[in-house]
Amino acid sequence: MAIDLRSDTVTLPTPAMRQAMYRAEVGDDVYGEDPTINRLQTLAAEITGKEAALFVPTGTMGKQALRMAVMSILRLRH
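Residues numbered from 1 in each chain as written. Predicted model: local features only at pLDDT ≥ 70, side-chain atom pairs only at ≥ 80, totals over all residues. Heavy atoms only, no water.

Helix and strand content of the protein: three helices and zero strands. Listing each helix as α and each strand as β along the protein from the N terminus yields α-α-α. Dimensions of the protein along its principal axes, counting C-alpha atoms only, are 50 × 30 × 25 Å. In the protein, which comprises 78 residues, the share counted as buried stands at 6%. Long-range contacts, defined here as pairs at least 24 residues apart, represent 6% of the contacts in the protein between residues at least 6 apart. Per element, the accessible surface of the protein, about 7100 Å² overall, is 62% carbon and sulfur. Charged side chains of the protein number 9 positive and 9 negative; the gap between the two group centres comes to 10 Å. (Helix = DSSP H or I, 4+ residues; strand = E, 2+ residues; numbered from the N terminus. Buried < 20%, exposed > 50% of the residue type's maximum accessible area, 1.4 Å probe, protein only. Contact = heavy atoms within 4.5 Å. Areas by Shrake-Rupley, 256 points an atom, 1.4 Å probe, with all protein chains shown as cover. Lys, Arg positive; Asp, Glu negative; His and termini not counted. Charge placed at Lys NZ, Arg CZ, Asp CG, Glu CD.)

Glancing now at the environment of alanine 44. Relative to the assigned elements, alanine 44 resides in helix H2 (residues 35–48). Alanine 44 gets classed as partly exposed once you look at its relative accessible area, which sits at 28%. On a C-alpha basis, the gap between alanine 44 and leucine 54 in space is 8.4 Å, while along the polypeptide they are 10 residues apart.

Attention now moves to the environment of leucine 54. Examined against the element boundaries, leucine 54 turns out to sit in the loop between H2 and helix H3 (59–77). For leucine 54, a relative accessible area of 64% puts it in the exposed group. Remark: the alpha-carbon pair of leucine 54 and valine 10, spanning 44 residues in sequence, is separated by 24 Å.

Computed from the structure, the largest pocket encloses a volume of approximately 160 Å³. Classifying every residue of the lining of the largest pocket by side-chain character gives six nonpolar, one polar and one charged. (1 Å grid on protein atoms, 1.4 Å probe; cavity = no way out; pocket = protein on both sides within 12 Å on 5 of 7 lines; lining within 4 Å. Points joined across faces, edges and corners; volume = space filled by probe spheres on them. Nonpolar A, V, L, I, M, F, W, Y, C, P; charged D, E, K, R; others polar.)

The next thing to look at is a nonpolar patch on the surface. A cluster of nonpolar residues, Leu66, Val70, Met71 and Leu74, forms a patch on the protein surface that exposes about 340 Å² of accessible area. Mapped onto the elements, leucine 74 comes out in helix H3. Judged by relative accessible area, leucine 74 falls into the partly exposed class, the value being 36%. (Patch = residues over 30% accessible without salt bridge, like charges linked within 9 Å, V, L, I, M, F, W, Y side chains within 5 Å. Salt bridge = Lys/Arg side-chain N within 4 Å of Asp/Glu carboxyl O.)

Right, here's the structure in full:
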């Protein structure tokens, strides 16, 4: 099965992916209660050598977070 990474809407999960989703320990990520997301963010921060990392599920959300961060920095400078 080919995995197409152009968009989060074109790749269909395999049966193994669905099973992993079914078995995943979950919680509310907004309140920091999702252990899977917490581990992913910790790992990403370690790999990149940063203090922290933030998981966003789509490119659109990532771009919006970047815009908000840049705009807040620009506001502080003026």
